[in-house]
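Here is what each chain is made of, one letter per residue.
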Amino acid sequence: MKAAGQSVKLGLIVCQYCGAWIDEVETEKVTVLYGACRDESCRSKTRREEMNDG
């Protein structure tokens, strides 16, 4: 059991393209955040979407 005052990592960052787990973050409730992992194919998809939106 965790001692009082220690935070718990309830947030998860997931790649929105391949579903890979990227990192855990400290949040007050269970949260899933989406981003792009370091895989080049996922990063290039991000760039293409930004160009299409602008």
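Above this text is the structure in question.
Residues numbered from 1 in each chain as written. Predicted model: local features only at pLDDT ≥ 70, side-chain atom pairs only at ≥ 80, totals over all residues. Heavy atoms only, no water.

Looking at the sheet that holds strand β1 (residues 11-15)
The 3 strands lie next to each other as β2-β1-β3, forming an open sheet whose pairing is mixed. If you trace the sheet from one side to the other, it starts and ends with β2 (21-25) and β3 (31-35), each paired once. This sheet shows a mean twist of 25 degrees between the axes of neighbouring strands, independent of strand direction. Bridge count for β1 against β3 is 5 bridges, and the pairing is parallel. Within the sheet, the bridge partner assigned to I13 lies in β3 and is L33. (Pairing = 2+ DSSP bridges. Helix = DSSP H or I, 4+ residues; strand = E, 2+ residues; numbered from the N terminus. Axes fitted to C-alpha atoms, helices over the stretch in contact; angles between N-to-C directions.)

Considering a nonpolar patch on the surface
Together, V8, L10 and V30 line one region of the surface with nonpolar side chains, adding up to about 260 Å² of accessible area. With respect to the secondary-structure elements, L10 resides in the segment before β1. (Patch = residues over 30% accessible without salt bridge, like charges linked within 9 Å, V, L, I, M, F, W, Y side chains within 5 Å. Areas by Shrake-Rupley, 256 points an atom, 1.4 Å probe, with all protein chains shown as cover. Salt bridge = Lys/Arg side-chain N within 4 Å of Asp/Glu carboxyl O.)

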